[in-house]
Amino acid sequence: MWSPGTFLLLLLPTVLAFKPSDFKTCSQSGFCRRGRALAERSQELSSWHSPYSIKPPELSPHQPGFTTNVHSSVYPNVKFVLDVIIHEEGIVRVRMDEENGLRKRYNEATQWALIGEPLLSDDVLWTVDSKKAKAVYGPKKDMELVVDFNPLKITLFRGGVEQVVLNGRGLMHMEHFRTKEDSKLAEHIEGEGQSVLQVNSAAWFEGDTQDAFWDETFSTWTDTKPKGPESLSLDITFPNHAHVYGIPQHATNLSLPSTTGPTARYTDPFRLYNADVFEYLADSPTSLYGSIPLMHAHSATSTVAVFNAIASETWIDIAHVEKGGVETHWISESGILDVFLLPGPTPADVFTQYAHLTGTAPLPAHWSLGYHQCRWNYVSSDDVRGVQDRFDEDDFPVDVFWLDIEYAEDHKYFMWNKKTFPDPVEMTKDVEAVERKMVIIVDPHLKRSNDYPVYKRASELEVLVKPKNGEGEYEGWCWPGSSSWIDFFHPGSWDFWISLFKTDTIDGQWSWTESTNNVGIWNDMNEPSVFNGPEITMPKDNIHYGGWEHRDVHNINGMLFANHTFQAAEARTDPPRRPFVLTRAFYAGSQRFGAMWTGDNLGTWEHMAVGIKMVLANGVGGMPFAGSDIGGFFGNPEPEMLVRWYVVGAFSPFFRAHAHIDTKRREPYLLEEPYKSLVRDILRLRYSMLPVWYTAFRETSESGVPILRPQYVMFPKDDAGFGIDDQFYVGSSGLLVKPVTEKGVKEVSVYIAEDQVYYDYFTNQPHRPKNRQITLPANLDQIPLLIRGGSIIPTRERPRRSSPLMKHDPFTLRVALDTSGNARGEVYLDDGETYGYDKGNVVWRGFGAESTKRKGKGIGAVRISSVDLAVRTQVGAYDPKNEFARSVGDVRVEKLVVLGLGKKPLSVVLEGGSELEWEFASKDGAGVLVIKDPAVRVVDDWAVVVKLE
């Protein structure tokens, strides 16, 4: 008999390297095979048409939508019901379900994804004739929703141009519930010497075989499928949009390539099925750790999106067609049809519309935007203290130290291994003493041991996931050996989970008293990862609260774990403080509860490059607080690669270095020169730019527009930029970066979509694009970083050990004038810890540079000013002299750097004050004005006037 430890070691090789055989392809998935076969039959049959139709609905002209029955010519006795509703902002929701079926389809995905029921539109005018119903709406009355009755087709128009078409190719198919007896497609009936063949009238549509209807085997596992076939197929076409983005998480291009048709890059569809994929391929449609069923479609004239709110495994075929559109085919294992059409018409509009449905990423704790140092594993309290000491001795800034699974005794999370971590609270407080934080891992699997109070209490409360018979507790294998999983769909688990994170004992219940209220939480393995399960996850016929099978809720499962962890960490204090939670698995709406990372990448140039694309895709998917592990989780990257990867990390919202237990230690202080100093400079650059990052987070928390912005988001009418995914802008700051992701690079070409001046961030050299390109030097000690003309960049240039120590540091403003001599920017500040910003405890300043022309040619004067943006936007119960503003009232602007002046100024004066100290340098007609200590505070209104004539 093997011991649990021995058995676990035997399992590990199957999960510590990517093996294609561990994961299904479409051809190995019964419902995906059926969906693709349906599409193939539609192309083979010239008379193909959708079997679904509706009768003209009864509706008044101004109601927001209608509900009606759907008829299937294939199964006329099966009843379906359709809802078509127009919501505020022109969002269209289309729902379809089987009515009075043998069983119930899963219909609760939006309960977890949405922040509330969207409001109905009161600006709709319907007309109905014998063939279609048409709604006209929108501020310009240029939006039309047309519902064709027979066959059923739904089309969204803007200005008479098709934007989105549902079921235009007739691939919609909702497999109804049936019994095994009902589903016999053909049989011989014997009687009185006669044999009668029953004809399968549905074969033209469904096929003539019961392909994996009632059970399915993959490798050694059999999925019993007790409900039978229940998949959902839907074709969604964007006839006039040549690029589609989103549906994270996949390691592929930002502009999604074809999976079918003559231009197919992959043979399999893109898959959405949260999975623990170690050492994943750097170019593949394989499903990874998270799933957001949101797709943007873009052209030079408009942007639209589709949010398909489904929680089960889903495959998506994409075909770029010759006419310049994109055809997609979504094949899901279970659930109702619940699709939202987001009308745009701009990328920013689509982001905001989606945010109004599923929420935005909240303002994070400020310290979480600093540098995070992690590895599997720091092995003891003394190890943690030693790492912190080395960071300080070598002058590397860092905000967070992380502990992976080895801190926990026998991998019983919350329980410290006292042999190696004898003083966990004291260790944590030693880190916090210099304004740093600890983040500690808490995975979802619970060791099945009665001496583990977390498992024991969860078992007593009966809130653990059940096996397929619905009785007892599901047992699988993960890091502790024999494990069970809390069912976070069960309301009884919620208060229990919150209670575990309390740092004081309450009502005699066990809680994590050996922790502090400042500790951040890392939720890993929450797909969930099950080492001895099918595809390294939970069996689909496991049972969750409400009787739902795991297949119905799989992609939501990991989100609930992180969501409830966020709430538990938030509830540690009263009033609450902003928690930090990192999750590996995610779904639509996960952005409301923390950050994500791109999982177990490899230390290769290819993985460095695709990590940028994946973070951009997550931003498109509404989850902007994202990053990839610096250096790769696996492998030992050479110093050149590591330096380049630190640049990628420094320009990612989430900035963490992490490494596998078998890798060599690679903390930055261990590098040889010159690499050590190069990484130190990169870290200091990130810290100097924290005002930019925090201001960008404020904007995304309001608008939903991502922090990292690809070309198509910044310049939505520029066709040439729609496929670019190796450079990006940081928020609205005007910073444009193109990280180097190849070995031996000496220079790069940066694509510029406009006739505008850009400035080298480090040398202040102005560049005007030639043939839409700017060539920049990119040696290892150089970062291709530009400031867009017309931007003002706020930074803090004093090197500190951690970000909270910068609270009272002065600001430098880089004023990069555009070709008209103007610029704008902003900075947002609050305490970075509490929710005081909701009460108006903020400083939010807008900076502007306005030029007046001189009598001849060029600029006569430039007025640089600061105004209070919070007053103008009425943030909370705002008072300019609020508590936070008073606490930073001594923070000044210590320097203004003005780029783009064509000549030396005659004077530089503080408006209403005296002449200021300044220096001017010019090279090749490029002038740089440095104004030293203008004696102004960041909280005040002020203006500096630069006169040139």
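These figures come from a predicted structure and were not determined experimentally. (Residues numbered from 1 in each chain as written. Predicted model: local features only at pLDDT ≥ 70, side-chain atom pairs only at ≥ 80, totals over all residues. Heavy atoms only, no water.)

Caption draft 1: The arrangement of the pairing of strand E49 (residues 917-923) in detail. Where E49 lies against strand E50 (residues 926-937), seven bridges are found, and the strand directions are antiparallel. Looking at the pairing, Glu-917 lines up with Lys-932 of E50. Between the antiparallel neighbours E49 and E50 lie two residues, among them Asp-924 with a positive phi of about 55 degrees. (Pairing = 2+ DSSP bridges. Helix = DSSP H or I, 4+ residues; strand = E, 2+ residues; numbered from the N terminus.)

Caption draft 2: Summary view of the sheet that holds strand E30 (residues 581-583). The parallel open sheet is built from eight strands, whose spatial order is E32-E31-E30-E29-E25-E24-E23-E33. What marks the edges here is a single partner per strand, and that holds for strand E32 (626-627) and strand E33 (656-657). Two strands pair when backbone bridges link them, and strand E23 (residues 372-373) and strand E24 (residues 400-403) are joined in this way by two bridges, in the parallel orientation. Residue pairing in the sheet places His-372 in a bridge with Val-400 of E24. On top of the sheet, helix H7 (residues 424-432) reaches E24 and strand E25 (437-441); it is set at about 135 degrees to E25, its chief contact. (Contact = heavy atoms within 4.5 Å. Axes fitted to C-alpha atoms, helices over the stretch in contact; angles between N-to-C directions.)

Caption draft 3: Fine view of the confidence of the model for the protein. For the protein, the mean per-residue pLDDT works out to 95, and 96% of the residues sit at or above 70. Within the model, the stretch residues 1-15 combines pLDDT values under 50 with 20 contacts to residues more than four positions away or in other chains. Low confidence marks residues 185-193, where pLDDT is under 50. Its contacts with residues over four positions away, or in another chain, come to 18 contacts. (pLDDT = per-residue confidence, 0-100.)

Caption draft 4: Spatial organisation of the state of the cysteines. Within the structure shown, the criterion is met by one disulfide. Two residues, Cys-26 and Cys-32, share a disulfide whose sulfurs are 2.0 Å apart. Because the torsion about its S-S bond is -100 degrees, the bridge between Cys-26 and Cys-32 counts as left-handed. A relative accessible area of 0% places Cys-32 in the buried class. Cys-374 carries a free sulfur, and the closest cysteine sulfur to it, the one in Cys-478, is 17 Å from it. (Disulfide = S-S within 2.5 Å. Buried < 20%, exposed > 50% of the residue type's maximum accessible area, 1.4 Å probe, protein only.)

Caption draft 5: Geometry of the UniProt feature "domain: Glycosyl hydrolase family 31 C-terminal" (unreviewed entry) in the protein. Listed under "domain: Glycosyl hydrolase family 31 C-terminal" (unreviewed entry) in the UniProt record, and renumbered for this structure, are residues 704-793. The span residues 704-793 shows a helical share of 4% and a strand share of 33%, and its end C-alpha atoms are spaced 22 Å apart. (UniProt positions renumbered as here; feature names shortened; annotations may be inferred.)

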